[in-house]
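Take a look at the letters that make up each chain.
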Amino acid sequence: MRILVVEDEKRLASSLRTGLEAEGFAVDTAYDGDEGLWYAREHDYDAILLDIMLPGLNGYKVCETLRAESNWTPILMLTAKDGEWDQVEALDTGADDYVTKPFSFQVLLARLRSLLRRGATERPTNLVVGDLELDPAARRVTRAGTEISLTSREMSLLEFLMRRHGEVVTKADILGHVWDYAFEGDPNIVEVYVGRLRRKVDRPFGRADIETLRGSGYRLRDSE
């Protein structure tokens, strides 16, 4: 397994390299964000250990850039910042996990192995179906470049349909994921919200992508 360590604290970078090599990993080391991005682009890695506070490009920007380029190498963020919003930003830019300094090497190793078991599967931060795009972190929806205003529930319903696009989802599926399994209201609320979505997401753009399959459920198709 080949690992890239991007860490500007050279003593820590050296310690990580020594520990990982003792565990049988091949390790490359970069000491700033620009160098780390170059390494990640030029070589195939099984995982990246990425500090957030780096000279040049910070870790958030390195991670965001790699994901925008469809590089899905698992990324474990390393940082001395322990605020919850720092963790949120790390994960929302596409990182897979997050460790706060100081950390136990054995815990870091366990988390790294967990990421390696998952592999480099595609995990885009934004959902895209045709010309429809949803940014879950920013709670923003656009179609053909035009921003669409949705309520929180409408956004959740659209996100669920986009994550399952091309599949038929039942009313019960929608109630369980967009409302909750303990919902005791009128199940026809699903039809009401599907209708609202069509009026905002489909009709103004001359589309009919949110389909009703009688007796089965609903499906979001890609019309492009």
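Note that this is a predicted model, so its numbers are computed, not measured. Each chain has its residues counted from 1, running along the sequence as written. In keeping with the model being predicted, local features are shown solely for residues with a pLDDT of at least 70 and side-chain atom pairs are shown and tallied solely at 80 or more, while totals for entire chains, interfaces and linings include all residues. Here the side-chain values reflect all heavy atoms present in the structure, with hydrogen atoms and water set aside.

1. A short note on the UniProt feature "modified residue: 4-aspartylphosphate" (unreviewed entry) in the chain
Okay, so step 1: UniProt positions are given in the numbering used here, feature names are shortened, and annotations may be inferred rather than shown by experiment. Per the UniProt record, "modified residue: 4-aspartylphosphate" (unreviewed entry) is annotated on D51.
Okay, so step 2: Contact between two residues is taken to exist if any of their heavy atoms lie within 4.5 Å; hydrogens are not considered. Aside from chain neighbours lying at most four places away, what touches D51 is V6, E7, D8, G59, L78, T79 and K101.

2. Observations regarding the domain arrangement of the chain
Okay, so step 1: Examined at the domain level, the chain breaks down into domain 1 (2–119) and domain 2 (127–220).
Okay, so step 2: An automatic or database domain assignment supplies the residue ranges for each domain. In this structure, domain 1 and domain 2 have C-alpha centres spaced 35 Å apart.

3. Considerations on the pattern of salt bridges
Okay, so step 1: Any Lys or Arg side-chain nitrogen found within 4 Å of a carboxyl oxygen on Asp or Glu counts as a salt bridge. In the structure shown here, the tally under the stated rule is 24 salt bridges.
Okay, so step 2: Ionic pairing is found between R41 and E69, a salt bridge with its closest N-O pair at 2.5 Å. Here R41, found in helix α2 (residues 33–42), pairs with E69, found in the loop between α3 (59–68) and β4 (75–79); they are 28 residues apart in sequence, far enough to count as distant.
Okay, so step 3: On the basis of relative accessibility, which here comes to 45%, the residue R41 falls in the partly exposed class.
Okay, so step 4: Overall, the relative accessible area of 40% leaves E69 in the partly exposed class.
Okay, so step 5: For the salt bridge of R143 with D131, the shortest nitrogen-to-oxygen distance reads 2.9 Å. Of this pair, R143 sits in strand β8 (residues 140–143) while D131 sits in the loop between β6 (127–129) and β7 (132–135), and the two are twelve residues apart along the sequence. Like D131, R143 is buried.
Okay, so step 6: One network of salt bridges, with partners in common, ties together D131, R143, D202, R207, D209, E211, R219 and R221. What counts as a helix is a DSSP run of H or I of at least four residues, what counts as a strand is a run of E of at least two, and both are numbered from the N terminus. For the exposure calls, accessible area comes from a 1.4 Å probe over protein chains only, and a residue counts as buried if that area is under 20% of its type's maximum, exposed if over 50%, partly exposed in between.

4. Thoughts on unusual backbone geometry
Okay, so step 1: With an omega of -10°, the peptide bond running from K101 to P102 counts as cis.
Okay, so step 2: Mapped onto the elements of the fold, P102 is located in the loop between β5 (97–100) and α5 (105–118).
Okay, so step 3: You will see that S70, though not glycine, has its phi angle at about 60°, which is positive.
Okay, so step 4: Residue placement: S70 occurs in the loop between α3 and β4.
Okay, so step 5: You will see that A144, though not glycine, has its phi angle at about 50°, which is positive.
Okay, so step 6: Structurally, the position occupied by A144 is in the loop between β8 and β9 (146–148).

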